[in-house]
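# Structural overview
The primary structure of each chain is shown beneath.
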Amino acid sequence: MNPIRRSVLLLLVSFFGVSTSLASSSASTTTKATGGTGVHVPVGKDGDGFYSASTKGCFDVIDNATPLILEQIQKQIDSDKNDDAAAYHIADFGTADGGTSLGLLTKMVQAIRSKTKQQNREVVLHYEDQVTNEWQSVFKHSLGLSSVKNAYGNTIPTPYELGNVYVDATGIGFHNQCYPTASIDFGISFTAMHWLSEVPNSFKGKDYMHAARRPKDDTTSLPKEKEIAADDWYNILKSRSKELKVGGKFVCVNFCITEEGYFLGQTDVGASMWDSFQTAWNLLSEKKLIDEDERTGVSFPSYYRTTDEFVSTITETDLNDELTILSVEERITPCPYRELYTKQKSSMSAREYAESFVPTTRTWSDSTFRNALRSDRTEDDKDLIINQFWENYISLVEQNPAEHGMDYAHTYLVLEKKDSNKSTNDDDEL
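Computed from a predicted model, the values in this text were never measured in an experiment.

## Regarding the packing of helix α11 (residues 350-371) against helix α12 (residues 379-399)
The description of two helices packed together rests on the angle between their axes and the distance between the axes. Contact geometry of α11 with α12 gives a least axis separation of 9 Å together with a crossing angle of 140 degrees. When the axes of α11 and α12 are compared, the pair comes out oblique. The two elements α11 and α12 cross, and the hand of that crossing is right-handed. Broken down by class, the residue content of the contact of α11 with α12 amounts to 12 nonpolar, four polar and 10 charged.

What follows is the structure, given as C-alpha cells:
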C-alpha cells in the first residue's frame, strides 16, 4: 500500500486560540490571543504556494542549519533518556506555506529513525503560524499534494511520504505558548521571529522604513520596535522553554544585524535593497500617485536583533536556569538569484532576471507598503499603486541587474531545555 495512505492524517487546525488538541492553551506567557496576527499578510492566493516558489534563498538558509539540527537529533536518540516507543514531536514555528522546510523535516524524520529499533517510530509535525497564514498551501505541501522546488530546480521530498508521519497546525502565534508543557522534542524556526507582536509604526513620517536603517546620528528616542522586540524575544523563549521536554532542542535561525553591521538586503555586495525600496517608493510620489504622508508612511513591524540581544535575553534573565546555549553564530547567505545570474548559470535577460528576483522581496513586504496608503483609497486604487511600485523596482533592477539581490544575515542559535530538577538537586548538594 502507498505509504501516504498508511499514514494517518491529523488535521488539528486551531484558530484564534481555539483548538481541538495540542494547538491551544490559555498559557500564562502571552502577549495576544493570536500573537502578531495581521502584522504580515501573505501575498498570493492561499493554496498556490507563492512564498516557497518565490523565496529561494530560504532553502539555502535552512540547508546551512541542517547539519546543526541533525547533529542534535543524533545526540538525542543516543541518549539513555530517549524513549523510542513514544512519538517524536517536531514544531516548525513561523512555517509560512510549509514548503521551504520540507527537505529538512524529511531528513529529521530519517535521522530519528536511523536506529534499527526506531525505524517505524511515529513522528508528529506541528506547523505554527498566524491565523492569516496560507494554510491550504501548508497542507498541500506537507501532504505532497503540491510539489516544491528549490532555487536550482530540484524537487523537495515531503516527510509525509515516509509513513507514520502525522501533521497538525495551529494559528496561536509563536509569541505565545502554542503547545502543552513538555510536549515538544525539537523546535525549529527560520526567518520568522523578527516579526513583532504589535505594529508601533514608529517610522511613519521619516525617510527610513525599518529600525535597522535608523541613522546613527538620529538623536531621538529609540524606536518602540526595539522595546517590543525585547519583550517579544523573552516571551518567545519562555514559551519554547515551557513546550520543550527536558533535553529538547530549539534551533532558531533569525534575521540579525551582524557584527559588521550587515542585515537583510544590505551587505558589502551590490546595492542596498532598502535604498532600492526607497527609490522605487519615492518615484510614486514624483509621479503624483501618492501624497507626502503616504511617501513617509512605510514602517516595518519587524526588528533585526544583534547576536548579543539574542544571547543576553537568556544569560541575564531567569531563562538561564531553563535553557542552555549550545552554539551561536552569524552567517551571511548570498542571494541565490544573483549568484546564478552573475555566475552565468542562467541565460536570462536583464528584464527576466529582474522579474524573477523582485518577487522574493515582495513575499514579505507587500502588505507593509500597502498599509502606508490612505485608508480612503479603494482596493483597486491600492492595487494599481502597489503594482506600479513593484514595476518601479523591477525597472530599477533591470538597469543594472548584477548589482541587485537580497543577501541574508542570520544568527544561528541552538538551545537545549535544562533539567530543572537536576539543577535543584545540584544546588542542594552544595
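## Here we look at the nonpolar core
In this structure, Ile69, Phe277, Trp281 and Phe369 are the most contacted members of the largest nonpolar core, which totals 74 residues. Ranked by the residues each element gives to this core, the list is headed by helix α3 (residues 57-78), at nine residues. If we skip the residues at most four places from it in the chain, Phe369 touches Met209, Phe277, Trp281, Val298, Phe300, Ile386, Phe389 and Trp390. Ile172, Leu237, Leu244 and Phe250 belong to the second largest nonpolar core, which has 23 residues in total.

## Quick look at helix α4 (residues 102-112)
Spacing of three or four residues puts side chains on the same side of an α-helix, whose turn is 3.6 residues. Among the 11 residues in α4, nine count as buried, and that is most of the element. For α4, every residue scored as buried is listed here: Leu102, Gly103, Leu104, Leu105, Thr106, Met108, Val109, Ala111 and Ile112. Of the surrounding elements, those touching the buried residues of α4 are α3, β2 (88-93), β3 (123-128), α5 (135-142), β4 (165-170) and β5 (184-190).

## As for the pattern of salt bridges
For the structure on display, the rule yields 27 salt bridges. With a shortest N-O distance of 2.9 Å, Glu309 and Lys226 are connected by a salt bridge. Remark: Lys226 occurs in helix α6 (residues 224-243) and Glu309 occurs in helix α9 (residues 307-315); sequence separation between them is 83 residues. Residue class for Lys226 comes out partly exposed when judged on its relative accessible area of 31%. A salt bridge links Arg351 to Glu355, with the shortest nitrogen-to-oxygen separation between them at 2.8 Å.

## Looking at the environment of Pro159
Inspection of the secondary structure puts Pro159 in the loop between α5 and β4. Spatially, the C-alpha atoms of Pro159 and Gly103 are 7.7 Å apart, while their sequence positions differ by 56 residues. Leave out the neighbours within four places in its chain, and Pro159 touches Leu102, Leu105, Thr106, Val109, Leu125 and Val165.

Criteria and thresholds
Residues numbered from 1 in each chain as written. Predicted model: local features only at pLDDT ≥ 70, side-chain atom pairs only at ≥ 80, totals over all residues. Heavy atoms only, no water. Axes fitted to C-alpha atoms, helices over the stretch in contact; angles between N-to-C directions. Helix = DSSP H or I, 4+ residues; strand = E, 2+ residues; numbered from the N terminus. Parallel < 35°, antiparallel > 145°, perpendicular 65-115°, else oblique. Left-handed = near helix turned anticlockwise from the far one by under 90°. Nonpolar A, V, L, I, M, F, W, Y, C, P; charged D, E, K, R; others polar. Core = buried A, V, L, I, M, F, W, Y, C linked by side-chain atoms within 4.5 Å. Buried < 20%, exposed > 50% of the residue type's maximum accessible area, 1.4 Å probe, protein only. Contact = heavy atoms within 4.5 Å. Salt bridge = Lys/Arg side-chain N within 4 Å of Asp/Glu carboxyl O.

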